[in-house]
Amino acid sequence: MTPDLKVRIGALELPNPVLLASGTCGYGLEMMPHGNIAGLGAVVVKGLSLLPSKGNPPPRIVETPSGMLNSIGLENIGLEAFLADKLPKLRHLGARVIVNFYGGCRDDYRELAARLDGVEGIHALEMNISCPNVERGGVLIGQEPEEVHKAVAAVRGATRLPLLVKLTPNVTDIRLTARAAAEAGADGLTLINTLQGMAVDVETRRPSLARIVGGLSGPAIRPVAVRMVWQVRQAIALPIIGCGGIWTARDALEFLIAGATAVQLGTVNFTHPDRWIDVLAGIEAYLDRHKFEHVTDLIGSLES
Amino acid sequence: MTPDLKVRIGALELPNPVLLASGTCGYGLEMMPHGNIAGLGAVVVKGLSLLPSKGNPPPRIVETPSGMLNSIGLENIGLEAFLADKLPKLRHLGARVIVNFYGGCRDDYRELAARLDGVEGIHALEMNISCPNVERGGVLIGQEPEEVHKAVAAVRGATRLPLLVKLTPNVTDIRLTARAAAEAGADGLTLINTLQGMAVDVETRRPSLARIVGGLSGPAIRPVAVRMVWQVRQAIALPIIGCGGIWTARDALEFLIAGATAVQLGTVNFTHPDRWIDVLAGIEAYLDRHKFEHVTDLIGSLES
Amino acid sequence: MLLKIRAARRLTEDFQLLEVDWPAGLPEPLPGQFVMVRTREGTDPLWRRPLGVHDFRRVRGAGVLSLLFQIVGPTTHDLAGLAPGAPLDLLGPHGRGFKIDAAEIWLVSGGRGVAPLFYVARLLRRTGVPCRAFLGGRSAGHILRERDLVRFGCRVEVATDDGSRGRRGLVTEPLEHALSRLSARRRAAVMLLACGPHGMLKAVAGIVAVHGVAAQVSVDPLMACGRGLCLGCTVAAPGGYRLACQHGPVFNVRDLDWDAR
Amino acid sequence: MLLKIRAARRLTEDFQLLEVDWPAGLPEPLPGQFVMVRTREGTDPLWRRPLGVHDFRRVRGAGVLSLLFQIVGPTTHDLAGLAPGAPLDLLGPHGRGFKIDAAEIWLVSGGRGVAPLFYVARLLRRTGVPCRAFLGGRSAGHILRERDLVRFGCRVEVATDDGSRGRRGLVTEPLEHALSRLSARRRAAVMLLACGPHGMLKAVAGIVAVHGVAAQVSVDPLMACGRGLCLGCTVAAPGGYRLACQHGPVFNVRDLDWDAR
Ligand SMILES: Cc1cc2nc3c(=O)[nH]c(=O)nc-3n(C[C@H](O)[C@H](O)[C@H](O)COP(=O)(O)OP(=O)(O)OC[C@H]3O[C@@H](n4cnc5c(N)ncnc54)[C@H](O)[C@@H]3O)c2cc1C
Ligand SMILES: Cc1cc2nc3c(=O)[nH]c(=O)nc-3n(C[C@H](O)[C@H](O)[C@H](O)COP(=O)(O)OP(=O)(O)OC[C@H]3O[C@@H](n4cnc5c(N)ncnc54)[C@H](O)[C@@H]3O)c2cc1C
Ligand SMILES: Cc1cc2nc3c(=O)[nH]c(=O)nc-3n(C[C@H](O)[C@H](O)[C@H](O)COP(=O)(O)O)c2cc1C
Ligand SMILES: Cc1cc2nc3c(=O)[nH]c(=O)nc-3n(C[C@H](O)[C@H](O)[C@H](O)COP(=O)(O)O)c2cc1C
Ligand code: FES
Ligand code: FES
């Protein structure tokens, strides 16, 4: 018997728990040569802003041990271009689309949410309040529980779509911002965005990134991400999407067992653009081998 | 001309900036087969408590990508045994000794500092307010600026030895706890202790560590550590000892250039017990090649 | 420390034997001790891996260390690809090994657990102490060095999970059977040396308690340093913990707490 | 995608040439495109590494891709150890290559920069377009494929930093000299294709501006994905950024901002 992989996050029903993370799979379409994205639980597109943004100056990326730093600065084509050029193609493919978005202030967030509300082909919103790269908004909102509450409440009032809130790990206690998002009406929490990090080119004695500080992603951060998923799962009754350093099906299982309802693959897409197919197959094989009928029975099954 | 490697942290003068981190080199003596520890800037011994502590149940360690988690729980032989059995040998070797210590409450810290004050052969104290593994004390104190201030002030009042305060990276803004420690009288700051993390054994669905959450160390965390050193350097005029994921001389140079006056090698000692010798030689060669007469000219030389 | 591979041989699909030139300056490894090896630059995997002293001999005066390992992950995979002449980054020998001072020695192994016991058998042949060996494993390919143990004069019994070699079942079954047939005097003379998965060692601990036989076990928790620096390789003991790398990996069975997790 | 190494050859101490069987199903690589390779399981190093299409030919109908690389770090070190028959994990071809539509082509390389230019020279021989090549490098061991370029009918000039091969100095010196001797009409017919360190490319940009010659450059910023997913490989362009992996790695020299960091 093939195990049942369906999961549900609020009103959002997904055929399986494997998603691609925002900023690591373009607008989804770029992944098509490597496997039909309609087979994913969902694809989370690159963070959109109201207007197109050209992002930060180079160098923007650097490799670190089992990880990488980026300061892309949320470069994106803007809301209009997404709706006009990308979304129709995504709909045509039958992919489930989650739109990640960010704003410079609370009004931006609200306006974005309002404009995305009810658009055919968008299955959920993911609010990025955790990006460490943009000077305005981003990091400040995401690190203060009260600010999180206000921003999420504003967005909640502007959309009927399932609303995910993506949290930054750069906080003393992730449960506080998680609870604020939950109380303001989030349907689910995405954990985690990148850790703030920095690297130095010792030969030139310059920062490796033009913006000096960037976001650390990849397997290096997985233990931090799993810990936060588990902590939030103990504290708050809201579905969690786990993200951070997933490289293999085993890693995805760590998150599910620790309490994530679904997972997102990020940095791994750069190296292995078809890895999500293996991860999905690996989860299925595991459920089979361990005699779970539904993936939901595995979620949060950690024995401690 | 051989470059001058001497550095100074408050009243603490060290012949070079390469130290071994607490909890990764025993009481220093264990490192002797791999090189004379008198050649180090200093050795920071395993965190001492007033009474011996047997630490946490196993499993206590697990490997993660370019890192490891530990929940040793600050197992140590206790203050008395250290003074009686270890310190005389360390003195005999001529090693500079920094005593790392922790307490369950502010009184413990004060008493420990008072007992260590003026003991011949101890060159400085390093106060661990950042250990994430002990339920009492530790993490709570280190995450709150006011608590940091109170604890450091208490210790400051009890000792005339140079006082380093070792900060936890598990905070929203490291500059706040750093400033609190500075204002309470610390002579230097050690950045960073481990990040809180977790791993799951997916076959048994149990946490990989008996204590579930442990401290992440190793190259995986280096970008976070370098970032914090740089942030604190911008904000506070106190010498910093950089620590976190140093594997090679290049990595140590990252910290020095970002603003650390000295560095500590931790997890690398487990794999390469003589690596500190290479790191020291590598720093010297770099200074030579880049025509720095004094290592102090390199410190904080980041061009940004 | 870079040593040189002297010979490499695939014993079965999953097991490889390596011989390494042992430098004259190093202390001669003792049975039950281990070495720490690594195969890659870079930091994933991060730790060295412990491997037991499988054998040690002198060839024209020069020491030769043998390692026997199961290919399970990155390090053992890389090791299995090393050819004679290749360098091997190794530290050791570390830990406390077997005390071989009984009138009769019985070796009990599960899978790769035979690795450190083999060297014991070689030493027993030298001293003429009687030896029996009970080898367990998943299947025939996990029963190793049987013939050589016989050559060393051991009486060998084999059990596999699938019955593809020896009797079908757990290695503790022939062991219990053999113990139950011993006179009280013989029992007092016998020392068991066991190495294998935790479940097997725990079963052995139970069996020797029942039969009143002495036993030493070699344990294998995860190790970051192998030298007492990390305090990570603790095993539960009555009233506290012991470090496998320093106080062990070989322990008297009674010195460990078999009811802990 | 796992391809198979067909041949491996050490050209000089620091440079290795690999030939790889190119599967029929894949698009034929174009000059100036690149592939993304990796050599290790595990996550350090994390990224694939970009390598230019050094050459492409058909041997009895089957495609053969050549890669030429300098051994500088973990991936190129591992690649240099691959023997014929070994698998190579490769994605591509990626990016936009050189447009070869001028009446005369001059190739300008610094060190490993010769890698992607070589395939251009092969194609030029086929079409009979006149070709000159200016090869620069640290020392003789960093001047590569000189003889084969001559064989392809290129007129080759060499400059090394230490004078150990060709003239002593920068490759831009013979280039400027040659340009300064061209008639205005010949200048209009010449297209420069350059690949090398950023400093060299910047110098070339200055030279072609002065002499009014057209030029394309192949740039090599760090790349995480090589396929437009990470937006990390940006290069500064007038009024914004361009992705080296998608809009390049080959750019018209005028389409980039040479004053940015
Ligand atoms: C003192 C000592 C002596 C040893 N001697 C030998 C020997 O002689 N021959 C031999 O084949 N092996 C021996 N081992 C075991 C060997 O060290 C491990 O198999 C090692 O981890 C293999 O490294 P790897 O990189 O190939 O695979 P890894 O990736 O390290 O391991 C592969 C899989 O095995 C699991 N694993 C590894 N070690 C353990 C463990 N201790 N407990 C639970 N799960 C584990 C890992 O989680 C992973 O899933 C010894 C271990 C110890 C502590
Ligand atoms: C489109 C493209 C095509 C390329 N084609 C070739 C080719 O055909 N032949 C060839 O030899 N190389 C080529 N390169 C460069 C090659 O990708 C790098 O040398 C690669 O990083 C080597 O990998 P490694 O793991 O061996 O060493 P690494 O560890 O990656 O590199 C070794 C050292 O070089 C530095 N380094 C690497 N890449 C860069 C960079 N882009 N900028 C600044 N410093 C850097 C690293 O910081 C490190 O110190 C190309 C690069 C690009 C972007
Ligand atoms: C290059 C890059 C760009 C990213 N852009 C975004 C983004 O636009 N919005 C967002 O919410 N997260 C963004 N992220 C964060 C990822 O979605 C993910 O949360 C993070 O990388 C951790 O997961 P990983 O380790 O699997 O990559 C980006 C990450 C990377 C590496
Ligand atoms: C096994 C282990 C035990 C440690 N014990 C202590 C300790 O007793 N006191 C302390 O202040 N830090 C302790 N640390 C933290 C290290 O001193 C260091 O701050 C941290 O590991 C980061 O550096 P690294 O990545 O170089 O290891 C310990 C770290 C490890 C890995
Ligand atoms: S392995 Fe580190 S103390 Fe035993
Ligand atoms: S390398 Fe990722 S976008 Fe170019």
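Residues numbered from 1 in each chain as written. Chains lettered and ligands numbered in written order. Predicted model: local features only at pLDDT ≥ 70, side-chain atom pairs only at ≥ 80, totals over all residues. Heavy atoms only, no water.

Q: Please provide a residue-by-residue account of the site of ligand 1, values included.
A: All names here are of chain C. In the vicinity of ligand 1 lie 20 residues, with P50, Q70, T75, T76 and D220 positioned nearest. Between ligand 1 and the protein, one listed contact pairs an oxygen atom with a backbone N or O atom of P50 at 2.6 Å. A distance of 3.0 Å separates an oxygen atom of ligand 1 from a polar side-chain atom of R112. If ligand 1 stood free it would expose 900 Å²; the protein chains cover 72% of that surface. Elements with a contribution of two residues or more to the shell around ligand 1: β4 (49-52), β6 (62-70) and α1 (74-80). Here the shell around ligand 1 gets 4 residues from one element, more than from any other, and that element is β4. (Near = heavy atom within 4 Å. Polar contact = N/O pair within 3.5 Å; in protein donor to acceptor, adjacent residues only side chain to side chain. Areas by Shrake-Rupley, 256 points an atom, 1.4 Å probe, with all protein chains shown as cover. Helix = DSSP H or I, 4+ residues; strand = E, 2+ residues; numbered from the N terminus.)

Q: Describe in detail the relation of the copies chain B and chain A, supporting the description with residues and values.
A: Overlaying chain B on chain A yields an RMSD of 0.0 Å, the required transformation being a rotation through 180° with an accompanying axial translation of 0.0 Å. As the rotation angle and translation indicate, the two copies are arranged about a two-fold axis. Interface residue correspondence from chain B to chain A reaches 100%, placing this contact among same-surface, isologous pairings. (Least-squares fit on C-alpha atoms with pLDDT ≥ 70 in both. Contact = heavy atoms within 4.5 Å.)

Q: An account of the state of the cysteines is needed here, citing residue identities and associated values.
A: Note on terminology: a disulfide is the covalent bond linking the sulfur atoms of two cysteines. All names here are of chain C. According to the stated counting rule, one finds 2 disulfides over all chains in the structure shown. One disulfide bridge connects C131 with C154, the sulfur atoms lying 2.3 Å from each other. Looking along the S-S bond of the C131-C154 disulfide, the torsion reads about 75°, which is the right-handed sense. Here C131, found in strand β9 (residues 131-137), pairs with C154, found in the loop between α3 (146-151) and β10 (155-160); they are 23 residues apart in sequence, far enough to count as distant. The same class applies to C131 and to C154, which are both buried. (Disulfide = S-S within 2.5 Å. Buried < 20%, exposed > 50% of the residue type's maximum accessible area, 1.4 Å probe, protein only.)

Q: Hey, could you go over the interface of chain B and chain A for me, with residue numbers and the actual values?
A: Taken residue by residue, the interface counts 45 residues in chain B and 45 residues in chain A. Both faces combined, the contact of chain B with chain A buries some 3,900 Å², and carbon together with sulfur accounts for 61% of it. If you look at where chain B meets chain A, you find 2 salt bridges. The salt bridge involving E203 of chain A is made with R289 of chain B; its shortest N-O contact spans 3.1 Å. Counting the contacts that link chain B with chain A gives 22 residue pairs in polar contact (both at pLDDT 80 or more). Looking at the side of chain B that touches chain A, the elements that each hand over two or more residues are β11 (195-198), β13 (206-207), β14 (213-217), α6 (222-235), α7 (249-258) and α9 (275-289) of chain B. (Buried area = accessible area lost by both parts, 1.4 Å probe. Salt bridge = Lys/Arg side-chain N within 4 Å of Asp/Glu carboxyl O.)

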